[in-house]
Amino acid sequence: MFLSELTRRDLLKTLGLGATALGVSGLGSQSAFADFVSQKDKTVGELHDGSRATPVKLRVDGQIVRPQIALPTIGETDVLVVGGGPAGCCAAIAAARLGLKTTLVERYGHFGGLATGGLVVHILGHWTLEGDKKVQATQGLGEEMMKRLEGLPNGIVNREFGRNPTLDAEVYKYLLVEMITEANIEVFLHSWAIDAIVDDKTDPATGNPIVRGAVIQTKLGPQAILAKQTIDTTGDGDVFVPAGAAHTQRLYNIGLPYRIGNLDRVKLQDGQKPPRHLGDVTPVPGVRWVNMTGPSLDGVDVKTLSKLELNHRKQIWKQIQEVRNTPGYE
Ligand SMILES: Cc1cc2nc3c(=O)[nH]c(=O)nc-3n(C[C@H](O)[C@H](O)[C@H](O)COP(=O)(O)OP(=O)(O)OC[C@H]3O[C@@H](n4cnc5c(N)ncnc54)[C@H](O)[C@@H]3O)c2cc1C
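Fair warning: this is a prediction, and the values are worked out from it, not measured in the lab. (Residues numbered from 1 in each chain as written. Predicted model: local features only at pLDDT ≥ 70, side-chain atom pairs only at ≥ 80, totals over all residues. Heavy atoms only, no water.)

S.K.: I'm lost on helix H7 (residues 169-182) in this one. Help?
M.R.: Residues that lie three or four places apart on an α-helix share one face, since the helix turns once every 3.6 residues. Look at H7: 20 Å from first C-alpha to last across 14 residues, which is about the 20 Å you get at 1.5 Å a residue. For H7, every residue scored as buried is listed here: Ala-169, Val-171, Tyr-172, Lys-173, Leu-175, Leu-176, Met-179 and Ile-180. The residue sitting at the N-terminus of H7 and contributing the capping side-chain oxygen is Asp-168; that oxygen lies 3.1 Å from the backbone nitrogen of Glu-170. Positive phi appears at Asn-184, one or two residues downstream of H7, with a value of about 65°. (Helix = DSSP H or I, 4+ residues; strand = E, 2+ residues; numbered from the N terminus. Expected span 1.5 Å × (residues − 1). Buried < 20%, exposed > 50% of the residue type's maximum accessible area, 1.4 Å probe, protein only. Polar contact = N/O pair within 3.5 Å; in protein donor to acceptor, adjacent residues only side chain to side chain.)

S.K.: Help me understand the environment of Glu-309 in this model?
M.R.: Inspection of the secondary structure assignment puts Glu-309 in helix H9 (residues 302-324). Considered as a pair, Glu-309 and Gly-255 are 54 residues apart in the sequence and their alpha carbons are 8.7 Å apart.

S.K.: Mind showing me how you'd approach the pairing of strand S6 (residues 133-136) here?
M.R.: In terms of strand pairing, strand S5 (residues 127-130) meets S6 through four bridges, oriented antiparallel. Across the sheet, residue Glu-130 finds its bridge partner in S6, namely Lys-133. (Pairing = 2+ DSSP bridges.)

S.K.: I would appreciate a short explanation of the site of the ligand in the present structure.
M.R.: Around the ligand, a shell composed of 20 residues is seen, among which Glu-106, Arg-107, His-122, Ala-193 and Asp-238 lie nearest. At 2.8 Å, a side-chain N or O of Arg-107 approaches an oxygen atom of the ligand. Between a nitrogen atom of the ligand and a main-chain N or O atom of Ala-193, the distance comes to 2.9 Å. Taking 990 Å² as the accessible area of the ligand by itself, protein coverage stands at 79%. Split by residue class, the shell around the ligand holds nine nonpolar, eight polar and three charged. (Near = heavy atom within 4 Å. Areas by Shrake-Rupley, 256 points an atom, 1.4 Å probe, with all protein chains shown as cover. Nonpolar A, V, L, I, M, F, W, Y, C, P; charged D, E, K, R; others polar.)

S.K.: Just to check I follow, could you spell out the nonpolar core for this structure?
M.R.: Within soluble globular proteins, side chains that are nonpolar tend to cluster in buried spots. With 28 residues, the main nonpolar core has Leu-104, Tyr-172, Ile-180 and Ile-185 as its most contacted residues. Only strand S3 (73-82), helix H4 (86-97), helix H6 (140-150) and H7 provide two or more residues apiece to this core. Per-element tally for this core: the top contributor is H7, with seven residues. With 12 residues, the next largest nonpolar core counts Val-105, Ala-214, Ile-216 and Ile-225 among its residues. (Core = buried A, V, L, I, M, F, W, Y, C linked by side-chain atoms within 4.5 Å.)

Set out below in structure tokens:
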């Protein structure tokens, strides 16, 4: 039987559980799951004959042409934030806390950007000098997040004076979901912004295009989100570049950090030196985080990025083998 045909009662019967047992077992606490199985009116599948597709055309002259199509509008909002990394989450939470209707778009299925998905878990630039006194630079929402991470198991370490805090990527992903839902932000995940929507009039004061939102690429095709204000926190200018904003493009060192676990099980001989590539501590005992400084290249060129991914995976594998070949680390 397909899941969509199951009623809640059918499912309980199939699992051999009564409603009480479900509640007690813990499964019952997942109310979203219960909602899902109660949708007995859903069809199993829908036949599409392909007649509504609008593919890109390869013309006889060899030009590849995207057809002009009207886009469906998936949302309208006061503030649209594109990019759910630390910057985007802070921008969205700040806007929502001011009472503005806020929408956050992210291309992946989680928040936190490089800090979570990219495993850049070390917070540098956290301290600065005021005269000759060292003071904490990160304040506001950044500090609030770190305080909340301290309250979660294995959320953050190195919060002491002068040290660089290090967070756990999974705990931070969870905290961001908590803060974003608390702030009542509308969320579009798995949605890749591919274009800016600009007004056909320009701003009379500056002559600049007026941004009215963004187009997101989804599994159902491109869709529009209209907004009074659009904030681009993609890190790559994926909205302000197509909108026509002046910008500087520069190269950057592109590496691939990774984590290594089970190090608490290692027993070193007296006087034995640990191998290289053991990185820094994380909030999880026995797990360390290893950074990698890659070559300075173009981070928006997909050929370069693909090459780097392949190269860096091999590099990480080599480093791990080096660690494993050290007595005690097998
Ligand atoms: C290898 C490396 C090492 C670093 N080391 C450190 C360090 O040690 N300490 C430190 O503090 N900082 C470090 N940084 C920098 C740090 O990662 C960034 O400063 C921080 O992540 C910036 O946050 P952000 O939100 O601006 O960007 P990001 O974290 O890059 O977030 C951008 C978000 O936008 C999303 N996005 C991108 N394009 C689109 C699109 N078109 N549509 C929808 N969503 C999109 C991404 O998926 C991502 O979630 C490092 C960066 C790198 C690459």
